[in-house]
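Structural features, examined
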Amino acid sequence: MDEACVLNLNLTNPRFSANKTFGIAITVKDFTNSDISTANDHQAYKTLIGRVTVLMYFQVTDTTHPPQFVDPTPPNNQRYTIYVGGDFHVDVYARPSQSNRFIKKFNFLRRDGRPVNQTVLAMPGTPGETVNISMSWSPVESDAGFHIVCSNAMDNKGISTVELHCFRIEVRVNIDRPRPPILGKPYFTSFPEPKDIVCPLNTYCRFPVYATSPHTGGIQEIVSTSQSKENVTIQYSHDKINGTVPVTVAQVQFLALTPGPRQICLNASDVKNFKVECLYVIIQRPDPCASLPCVGNALCRAYDDNSGFICICDERHFGKRCENVINQCDQASTLCALSQCVHTPLLKPYYFCTGCPPGKTGERCTMDIDKCLKNSTEKCDENKICKQVNENVVCLPEKLTANCSGCSSDTQSVCVKDACVCALGLVDDGLCNTENGLFQQNKDTPHFVPPTSDVGSVITCDFHLSSCIFPVYILSSGIPVVVNFNNKRIKHVRSVNITTPRTLGSPDVYLSKISIDKEATNENHQYTAFDICLNVAKMISPSIFTDTRCFRVQDKGVSKQGNDPNQMSSMYPECSFSVETPPRESVIGCKKGKPCYFYLYSRTTNSSCPRLITHDEFSGIFKPTFDSGLCRYEIVYKNTTSVGENTLCFMLCAGGESRCFQMYTNDIADQCEPNPCTNNGYCQTLPTRSFKCHCKKGFWGNYCEKGLCASNSTCQNDAACYINYNNTECRCRYGFLGSDCRNQSNMVLTNTVENGGHFTQLNRIEILTCYINGKCYIPLFMLKNVNQMPRVELGFFDKTLELQNVEILPSEGGVVQGTLSVIGHELGVKKICLDSVATPRTSKIEDEICFLINVTEGHYSANQKMVPYFIKPTLPNAAVIQCYTGEQCHLRLWAKNRIGMKNCPMLDVDKNIEDGVYVFPLKNADREPCVFETSINSENATDTNLCFSLRSGALNNSFENLFHEERCYTIRFLRELEALDSCVGKSCYNEGFCDSSYSPSQCLCRSGFSGENCSIEVGHPQGIDTSLTNQPIFGDVALPKRVICPLLEECVVAFSVTYNSDAFRVSWNGTNVNNVTIEHHQIGGSHDYRGKASLLHNVTGDDEFCLSLISPDGKTYDAICCNVTSKSSIFHFSPFKHGVYLYTRTVLPRAHLYQ
């Protein structure tokens, strides 16, 4: 931070005495004043980049009465901003503290040790007298940067001022802005453009301008006019540019005390004429983020004009400075409605509920306690299976093992209801010795096999946990590959993780665990359902999928077992189900009339598997198999004679873990035969007896009938190619059209006369939000006529809107891009229109575009460059855009990546091509600014919300987790766009102006013309009924009631005359006016005359001045009068210095008009 540090020492303590010495070690730390990205990210004002420790040596002396710097010496540590071409000049004044002493000399020191120019102090000085010395420096471009120049004064006793008097100087490079000569007039050969001159607040700002004249004697003077908003001083001298063109160099200086853009107008005059030019100097406030106003890890964003800041808080804080810690217990009525809330500021979710009602637990006391747990007071007897129904416990007795004749009750068979049931994969012939081919057929083509979940099954995930695991089984002759089918990001799922398949029991049947890892636990306890689709393939050909299956997953509440997924294994050592077992309360779908199989698992440290029991007489448990510490229990369920649901529960060991499932017997027919899904989409039969198509990547639609083309040989000009069933369609980029996008949009604009551009109707901004007194940027696009670049003029606009600029860029094919920048100075919805006209201009408005701007309270913030950010002219948030239904609607966004990254950021959008939204690939991802082009389409008249955000692509960027740029818009699809541009095609002749604020629009005629379309070649007289007279009368130029003129300076009163055929002359009368000259001339193309009366008012105060129209015979046709008010001009001169005059001049306006 560029701040002065003052060390004050109090030597009144008795420990200090004359001639004593001491030292003080001082460490100066240097922090970055901007964000920096190297191997790590360094936030502005928080990252230490260097330090230095100095030992300062002091010697205590008796009172010495040192000299003092006195006014008008500028304050100590005064700051200066000097642009190269300007000189630094300062006068320093000092006087001795004792009347018998005098100032002997001054010393000037630069921080870099280089000498400075200074005047010689006359010797000897007069005792007690104040003396001064001047110092000057003319920096060059190599001096750009920060400098310190310090001075001290010494008296004749050798005593120096206690403190150095220093001046802090920033040298900036001046930008040469050459101007063309003006024939017969003086002109500025180089003059700053907006934003060329930027000076910090409270600094002396000094910069050069250059002027020359074609007349002998050159420039006589350069002065500031009354239009200047700063009280400037101008020091000028004569020089030559490149040794050829004689110029006057004016060094403009002022003290920058008012922030924002400040207008300075300069008048360069020679012996014959003058030239006035105005510039805007930006007075910059200090960075409000430099003082680290945001607490903790919050990010600080300064307003564009540094007038304030906003703090971007983390999830734990709020407030203007993020100084307040969020107390979740403030929402106790919703969080802990049934209990007491305890704030935990360091532990997510930063609260918990205590004193939960009986049977409830969890952060909000909303979860049912698993009353079947070992430590529950309501648990069942250790020999009974515990089943929880809501808050009640049901203890189920074990089903006694049945004995069936000829049934071995081993891994191949089990007795159920007095009948022997064979294991999965064996022929159910009572012997259970013959394989039925289930696990032998097509092993070379990996595919899902039972007991993988099938029709009617639902995987139940506990929304209190962040991970959910379920098993799938694949038959394969070698290790298969299992991958997520379409790689789509499920909204509330971070990722689908798949373990490498492993064999268990059968050598060709592989088990793979599917883990659904959520970004966060579902704190809102909302039921959600979604599908997980998986592909299988051979290891040697992983891209050739041989089977696909989709699994229904539901996120719901399950009785609370604990946050630790390993809690059950620690609570029930050797007697808990392992993660390969289907999750609790999952639904297992069974075919009506057929046995239903599934597997349960437990882990053990020895080869002895724990005993598993069930309560259900229609279920059988085969003898478990053991492999690599994992016991597998095969279960068969035989109660499938009728459609319906039953609960089936199991328990491991005596008093071990209980787990229940819902058995759903169904007769749902296969809805996917034949497969209705096109483009290799996978068909899933749903429990609702319908089907759903899961599309491969790049395809969408109810039947996967739409998709991107495999090769783009049809569509041209980088268009997107996609198929709709068997038809190929093209989605064109901006500026192209046609079935194959081969044509430029402007090929339809070929008229050589009416050659104005047309504003594109591919989208229309209905309304956008801009902040009051802040510059707002609006993108616009035009179809360029093939013969001519478009010409744009300002149409109707609200008087409270200030047009800053309309920038038209070189064309991209048939489309011309532009930017409208405007400032709103009053709250509310305002309208501004732009008109497209032909070149040369005709009376017709070729096209018009109007914008509604909602001016609201707020501030634009500087870009936070630690993350990717949108740049102008990207539309501001909350804009509403109108588009035609059934047609492409285009939207462009401009962005840059975070500091340290040269490539373009990634653009995320919350809709995809299935929703009609397509983001074209970047044409050049390594060149900034990055222009993202989006095509949006809808066949229906509807509103859709569309949000865009940016990602840097950096592996580790903690700032993006806290803050990211986002722009959200409402896209309104309409059959017909709502018209705001009522001037389209209207002709206002004789340079009339079309005013679209009326409905229908009206032509506003210039002076000398009238009529509905300004075609009548006479104007409307002011306040006169023209039907009552056919004589000359004063016309449509309104005469003000009062004209304010500088005393003894020329003042002009304008008038016009509506003329028929009678001759006339103009006379005047008035008091205290002289040198009156009247001239008038006929308005081109009109019968009316326009004139002016020039006068000098020779006294201060008010006097009446009148004009009359006189006939040749002396008759007065008409007369008008006004009051003339004069005030004196004010001049300030300063002494003659260095061969030039240094002065300021304030000139009152030539004429202020009051009604």
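Worth saying up front: this structure is predicted, and the values here are computed from it rather than measured.

1. A short note on the overall build of the chain
A tally of helices and strands in the chain yields three helices and 86 strands. Classification of the 1155 residues of the chain by burial places 46% in the buried group. A fraction of 63% describes how many contacts in the chain between residues 6 or more apart in sequence connect residues 24 or more apart. For the chain, the exposed surface amounts to about 57,300 Å²; the carbon and sulfur share of it is 49%.

2. Points about the environment of E574
With respect to the helices, strands and loops of the structure, E574 is situated in the loop between α2 (567–571) and β42 (587–591). On the basis of relative accessible area, E574 is assigned to the partly exposed category, the value being 30%. Residues E574 and T604, spaced 30 residues apart in sequence, show a C-alpha to C-alpha distance of 5.3 Å. The contacts of E574, once residues within four sequence positions are left out, are R603, T604, T605, P610 and C653.

3. Some thoughts on the sheet that holds strand β48 (residues 644–652)
Within the open sheet, the four strands sit side by side as β42-β49-β48-β44. Their pairing is mixed. Both outer strands of the open sheet, β42 and β44 (612–614), are each paired with one neighbouring strand and no more. The mean inter-strand angle of the sheet, taken between neighbouring strand axes irrespective of direction, is 30°. Two elements, β44 and β48, share three bridges in a ladder whose sense is antiparallel. Bridge assignment links I613 to a residue of β48, and that residue is M651.

4. Digging into the pairing of strand β31 (residues 413–416)
Of the two faces of β31, the one holding S413 and C415 and the one holding V414 and V416 are both buried throughout. For β31 and strand β32 (residues 419–422), the ladder comprises four bridges, and the chain directions are antiparallel. Paired with C415 across the strands is C420, a residue of β32.

5. What to know about the pattern of salt bridges
Counted by the stated rule, this structure contains 28 salt bridges. Among the salt bridges present, the one from E657 reaches R659, with a minimum N-O distance of 3.1 Å. Assigned by exposure class, E657 and R659 land together as buried. In the salt-bridge network here, residues are joined through shared partners; they are R177, E193 and D196.

6. Considering the packing of aromatic side chains
Inspection of the entire model under this criterion finds 22 aromatic pairs. Summarising the aromatic geometry, the rings of F188 and F191 are spaced 4.8 Å apart at their centres and angled 55° between planes, so their arrangement reads as tilted. For the pair shown, F188 and F191 are each scored as buried. Of the aromatic side chains, those joined through ring pairs into one cluster are Y80, F88, F167 and Y204. A cation over a ring is seen here: R110 above W137, with NZ or CZ 4.2 Å from the ring centre. One residue, K320, lies across the ring of F309, its end atom 4.4 Å from the ring centre.

7. Here's the deal with the environment of F102
Among the secondary structure elements, F102 is positioned in the loop between β7 (88–95) and β8 (103–110). Along the sequence, F102 and N156 sit 54 residues apart, while their C-alpha atoms lie 5.9 Å from each other.

8. With respect to the environment of V1057
Relative to the helices and strands, V1057 resides in strand β78 (residues 1050–1058). Among residues more than four places away in sequence, those in contact with V1057 are P1032, I1033, F1034, G1035, F1064, D1088, Y1089 and L1109.

9. A few points about the nonpolar core
Core analysis: the biggest nonpolar cluster contains 39 residues, and L768, F851, I853 and Y969 have the highest contact counts within it. Once residues within four sequence positions are removed from consideration, Y969 is found in contact with T874, L875, P876, A878, A879, I881, L891, L893, T944, N945, L946 and F948.

10. Considering the side chain of R731
Assignment of secondary structure puts R731 in strand β55 (residues 727–731). Although R731 is buried, it forms no salt bridge, and the closest oppositely charged side chain is E729 at an N-O distance of 7.3 Å. A polar side-chain atom of R731 sits 3.4 Å from the main-chain carbonyl oxygen of S935. Beyond its immediate sequence surroundings of up to four residues, R731 is in contact with A719, A720, Y722, C741, Q888, G916, V917, Y918, F920, S935 and N937.

11. Considerations on the sheet that holds strand β16 (residues 221–224)
Read across the open sheet, the four strands follow the order β14-β20-β19-β16; overall the sheet is mixed. With partners counted over all chains shown, the strands left at the sheet margins are β14 (198–200) and β16, one partner each. Along the sheet, successive strands turn relative to each other by an average axial angle of 30°, direction set aside. Bridging between strand β19 (residues 260–269) and strand β20 (residues 274–284) involves 10 bridges; their strand directions are antiparallel. Across the sheet, the residue bridging to R262 is V281, located in β20.

12. Topic: the pairing of strand β12 (residues 165–172)
Counting buried residues in β12 gives eight out of eight residues, a clear majority hidden from the surface. Going residue by residue along β12, you find H165, F167, I169 and V171 tucked away on one face and C166, R168, E170 and R172 tucked away on the opposite face as well. Alignment of strand β11 (residues 145–155) against β12, held across seven bridges, turns out to be antiparallel. Looking at the pairing, I148 lines up with R168 of β12.

13. With respect to unusual backbone geometry
A cis geometry characterises the amide bond from D71 onward to P72, with omega recorded as 5°. Within the element layout of this structure, P72 appears in the loop between β5 (68–69) and β6 (78–83). Following T839, the chain continues into P840 via a peptide bond in cis, with omega recorded as -5°. Within the secondary structure, P840 sits in the loop between β64 (828–837) and β65 (847–856). A positive phi is found at E585, a non-glycine position, where the angle reads about 65°. Assignment of secondary structure puts E585 in the loop between α2 and β42. Judged by its relative accessible area of 28%, E585 falls in the partly exposed class. With a phi angle near 55°, N990 is a residue other than glycine that sits in the positive phi range.

14. Description of the confidence of the model for the chain
Per-residue pLDDT for the chain has a mean of 84; in total, 88% of the residues score no lower than 70. A low-confidence stretch, residues 1130–1155 (pLDDT under 50), is modelled with 62 contacts involving residues beyond four sequence positions or located in other chains.

15. Notes on the UniProt feature "domain: EGF-like" (unreviewed entry) in the chain
Here, the residues flagged by UniProt with the feature "domain: EGF-like" (unreviewed entry) are residues 285–323, 668–705, 706–742 and 979–1015. Between the C-alpha atoms that bound residues 285–323 the distance is 24 Å, and the span itself is 0% helix and 26% strand. Secondary structure within residues 668–705 divides into 0% helix and 26% strand; the distance between the first and last C-alpha atoms comes to 26 Å.

16. Describing the state of the cysteines
Two cysteines form a disulfide when their sulfur atoms are joined by a covalent bond. Applying the stated rule across the entire model yields 32 disulfides. Each sulfur in the disulfide pair C422 and C432 lies 1.9 Å from the other. The chirality of the disulfide connecting C422 with C432 is left-handed, given an S-S dihedral of about -80°. Of this pair, C422 sits in strand β32 while C432 sits in the loop between β32 and β33 (447–448), placing them 10 residues apart in sequence. On the accessibility criterion, C432 (1% relative accessible area) is buried.

Here is what the cut-offs are and how they apply
- Residues numbered from 1 in each chain as written.
- Predicted model: local features only at pLDDT ≥ 70, side-chain atom pairs only at ≥ 80, totals over all residues.
- Heavy atoms only, no water.
- Helix = DSSP H or I, 4+ residues; strand = E, 2+ residues; numbered from the N terminus.
- Buried < 20%, exposed > 50% of the residue type's maximum accessible area, 1.4 Å probe, protein only.
- Contact = heavy atoms within 4.5 Å.
- Areas by Shrake-Rupley, 256 points an atom, 1.4 Å probe, with all protein chains shown as cover.
- Pairing = 2+ DSSP bridges.
- Axes fitted to C-alpha atoms, helices over the stretch in contact; angles between N-to-C directions.
- Salt bridge = Lys/Arg side-chain N within 4 Å of Asp/Glu carboxyl O.
- Phe/Tyr/Trp six-rings, centres within 6.5 Å; stacked < 30°, edge-to-face > 60°.
- Lys NZ or Arg CZ within 6 Å of the ring centre and 35° of its normal.
- Core = buried A, V, L, I, M, F, W, Y, C linked by side-chain atoms within 4.5 Å.
- Lys, Arg positive; Asp, Glu negative; His and termini not counted.
- Polar contact = N/O pair within 3.5 Å; in protein donor to acceptor, adjacent residues only side chain to side chain.
- pLDDT = per-residue confidence, 0-100.
- UniProt positions renumbered as here; feature names shortened; annotations may be inferred.
- Disulfide = S-S within 2.5 Å.

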